[in-house]
Amino acid sequence: MRFIIFLVITGALTMSAGAAYFFFGQPKEDPLAIEMKAFEREIKTVTPAARRGDVRAQHRLGHVYGDANPAFRDYKSALKWYRKAADQGHIGAQYATGNFHANGLGTGQNYHRASEWFLLAGGLGRHRDAQFALGDLYFYGRGVPHSYGQAINWYKKAAAKGHPIAQYVLGLMYREGWGGDDDLVEAFKWISLALPNAKIIEAYDTAFKPVRAREKLLLRMNRSQLERADKLIAAWKPQS
């Protein structure tokens with residue numbers, strides 16, 4: 001009897017692929033393998049144009065390498081292609097190149113070099129993420145001289161374009177008088193404008209509490225200040 005049971009088990013374990021398909025259906029492909037194939041397919045498709053100097057293809061290739069699944073992500077290749085596009089004046093690639101240097105992705109961390117790329121991308125009122133990044137560098141004195149004045153300057157450029165974290169940080173700086181005298185009206189304006197994106201702001205830094213910050217400002221402001229702030233909020237429109 002034991003011998004018969006052994007034969008049944010052995011037969012099940014050695015079932016042919018055709019029989020297995022009949023009983024269990026077609027086996028599902030590993031999701032990671034599917035993602036890998038898509039990654040390799042896009043690399044193969046985009047690389048020829050990138051090598052010919054197509055700036056959009058170069059930027060796309062940097063994105064593909066840099067944002068891929070961690071199992072096959074390649075920051076060095078991403079930086080290489082972002083840099084090629086950045087050298088041709090692609091603003092998004094200039095910001096990405098600065099971001100890679102700031103975070104030490106595919107290269108050694110270098111805040112000063114990051115600031116140079118952020119300046120290229122954020123200058124002339126262009127890339128708001130680069131402008132915010134520059135504000136951060138000046139605020140903390142990383143790669144550039146510590147300067148609240150310069151930090152406010154760059155945060156303000158990003159905030160004017162609707163960057164929610166820049167709006168919130170700018171509000172805090174006006175509230176505390178960092179870089180000049182405190183200005184509760186401006187502080188309330190910017191924190192209020194940032195409030196609809198509170199989740200984004202809190203995800204960026206868990207110490208940031210936009211709702212609480214606005215409530216605290218309400219306790220410090222008189223009616224005249226609130227009326228002025230409300231008018232500024234109502235009239236505000238993001239710059240293009």
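These notes cover the structure that comes with them. Values in this document were obtained by computation on a predicted structure and should not be read as measured data.

1. A short note on the packing of aromatic side chains
Then, in step 1: Applying the stated criterion to the full structure yields 14 aromatic pairs.
Then, in step 2: Consider the rings of Phe39 and Tyr65, whose centres lie 5.9 Å apart with planes at 80°: the pair is edge-to-face. With Phe39 in helix α3 (residues 31-51) and Tyr65 in helix α4 (residues 55-66), this residue pair connects regions lying 26 residues apart in the sequence. You'll find Phe39 and Tyr65 in the same group, each marked buried.
Then, in step 3: Seen in terms of ring centroids, Phe139 and Trp178 are 5.8 Å apart; in terms of plane orientation they differ by 65°. Their pairing is edge-to-face. Of this pair, Phe139 sits in helix α8 (residues 128-140) while Trp178 is found in the loop between α10 (164-176) and α11 (184-194), placing the two residues 39 residues apart along the sequence.
Then, in step 4: Classification of Phe139 by relative accessible area gives buried; the value is 15%.
Then, in step 5: Site record: aromatic cluster; members linked through ring pairs are Phe132, Tyr155, Tyr168, Tyr204 and Phe208.
Then, in step 6: Positioned over the ring face of Trp154 is Lys157, at 5.6 Å from the centre of the ring.

2. What about the packing of helix α7 (residues 111-122) against α8?
Then, in step 1: Two numbers describe how α7 lies on α8: the axes approach to 8 Å, and their chain directions differ by 145°. Pair α7 / α8 crosses with left-handed handedness. Touching Tyr111, Ser115, Phe118, Leu119, Ala121 and Gly122 of α7 are Ala130, Gln131, Ala133, Leu134 and Leu137, all from α8.
Then, in step 2: The residue makeup of the contact of α7 with α8, split by class, is 8 nonpolar, 3 polar and no charged.

3. Here we look at the nonpolar core
Then, in step 1: Core analysis: the biggest nonpolar cluster contains 40 residues, and Phe118, Tyr155, Tyr168, Leu170, Met173, Phe208 and Leu217 have the highest contact counts within it.
Then, in step 2: Core analysis: the next-biggest nonpolar cluster, separate from the first, contains 21 residues, Phe39, Ala49, Leu61 and Phe72 among them.

4. Some remarks on the side chain of Lys161
Then, in step 1: Structurally, Lys161 is set in the loop between α9 (148-160) and α10.
Then, in step 2: Of the side chains with opposite charge, Asp129 comes closest to the buried, unpaired Lys161, at an N-O distance of 11 Å.
Then, in step 3: Discounting residues that sit within four places of it in the chain, Lys161 has contacts with Gly125, Arg126, Arg128, Gln131, Pro238, Gln239 and Ser240.

5. Observations regarding helix α6 (residues 91-103)
Then, in step 1: For α6, built from 13 residues, the straight-helix expectation of 18 Å at 1.5 Å per residue is met to within 8% by its first-to-last C-alpha distance of 18 Å.
Then, in step 2: Regarding α6, the residues found buried are Gly92, Ala93, Gln94, Ala96, Thr97, Gly98, Phe100, His101 and Ala102.
Then, in step 3: Looking at the packing, one finds that the buried side of α6 touches α4, α5 (75-87) and α7.
Then, in step 4: Positive backbone phi, at 65°, marks Gly104, one or two positions downstream of α6.

6. Details of helix α13 (residues 210-220)
Then, in step 1: When α13 is considered as a whole, its buried residues turn out to be Pro210, Ala213 and Leu217. Seen from one end, α13 has its buried residues packed into an arc of 60°, which puts them on one side.
Then, in step 2: As for α13, its buried residues are in contact with α10, α11 and α12 (198-204).

7. Focus on the side chain of Thr47
Then, in step 1: Note on placement: Thr47 falls in helix α3.
Then, in step 2: Residue classification places Thr47 among the buried residues on the basis of a relative accessible area of 11%.
Then, in step 3: A distance of 2.5 Å separates the side chain of Thr47 from the backbone oxygen of Ile43, its partner in a polar contact.

8. With respect to the pattern of salt bridges
Then, in step 1: The final tally for this structure, using the stated rule, is 5 salt bridges.
Then, in step 2: Note that Glu176 is salt-bridged to Arg175, the shortest N-O span being 2.7 Å.
Then, in step 3: Here Glu176 falls in the partly exposed class, since its relative accessible area comes to 38%.
Then, in step 4: Note that Glu186 is salt-bridged to Lys189, the shortest N-O span being 3.3 Å. Residue Glu186 and its partner Lys189 are both found in helix α11; the two are separated by 3 residues, about one turn of the helix.
Then, in step 5: By relative accessible area, which is 9% here, Lys189 ends up buried.

Calculation criteria
- Chains are numbered independently. Their residues run from 1 in the order of the written sequence.
- Totals for whole chains, interfaces and linings use all residues, but because this is a predicted model, local features are given only for residues with pLDDT of at least 70 and pairs of side-chain atoms are given and counted only at 80 or more.
- In computing side-chain properties, one takes all heavy atoms of the structure into account and sets aside hydrogens as well as water.
- Each Phe, Tyr or Trp ring (for Trp, its six-membered ring) is paired with any other whose centre lies within 6.5 Å, and the angle between the two planes then decides the class: stacked below 30 degrees, edge-to-face above 60, tilted in between.
- Elements are defined by DSSP. Helices are runs of H or I of four residues or more, strands are runs of E of two residues or more, and each kind is numbered from the N terminus.
- Per-residue accessibility, obtained with a 1.4 Å probe over protein chains only, is compared with the maximum for each type, and a residue is labelled buried under 20%, exposed over 50%, and partly exposed between these values.
- Remark: a charge is flagged as sitting over a ring if the NZ atom of Lys or the CZ atom of Arg is within 6 Å of the ring centre and within 35 degrees of the ring normal.
- The axes are straight lines fitted to the C-alpha atoms, using for helices just the contacting stretch, and the angles between their N-to-C directions are given from 0 to 180°.
- Note: crossing handedness is left-handed where the near helix turns anticlockwise from the far helix by less than a right angle, and right-handed where it turns clockwise.
- Contacts: residue pairs with any heavy atoms within 4.5 Å of one another.
- Under the grouping applied here, Gly and all other residues not named as nonpolar or charged are polar, the nonpolar ones being Ala, Val, Leu, Ile, Met, Phe, Trp, Tyr, Cys and Pro and the charged ones Asp, Glu, Lys and Arg.
- Definition of nonpolar core: a set of buried residues of the types Ala, Val, Leu, Ile, Met, Phe, Trp, Tyr and Cys, connected through side-chain atoms within 4.5 Å.
- Charge assignment: positive for Lys and Arg, negative for Asp and Glu; neither His nor the chain ends contribute.
- Salt bridge criterion: a side-chain nitrogen from Lys or Arg within 4 Å of a carboxyl oxygen from Asp or Glu.
- Each helix should span, by expectation, one fewer than its residue count multiplied by 1.5 Å.
- Our arc is simply the arc of the directions from the helix axis toward the C-beta atoms.
- Any pair of N or O atoms that falls within 3.5 Å is considered a polar contact. Within protein, one atom must be able to donate a hydrogen and the other to accept it, and sequence-neighbouring residues count only if both atoms are side-chain atoms.

Spatial relationships are all this shows, so hold off on functional conclusions.
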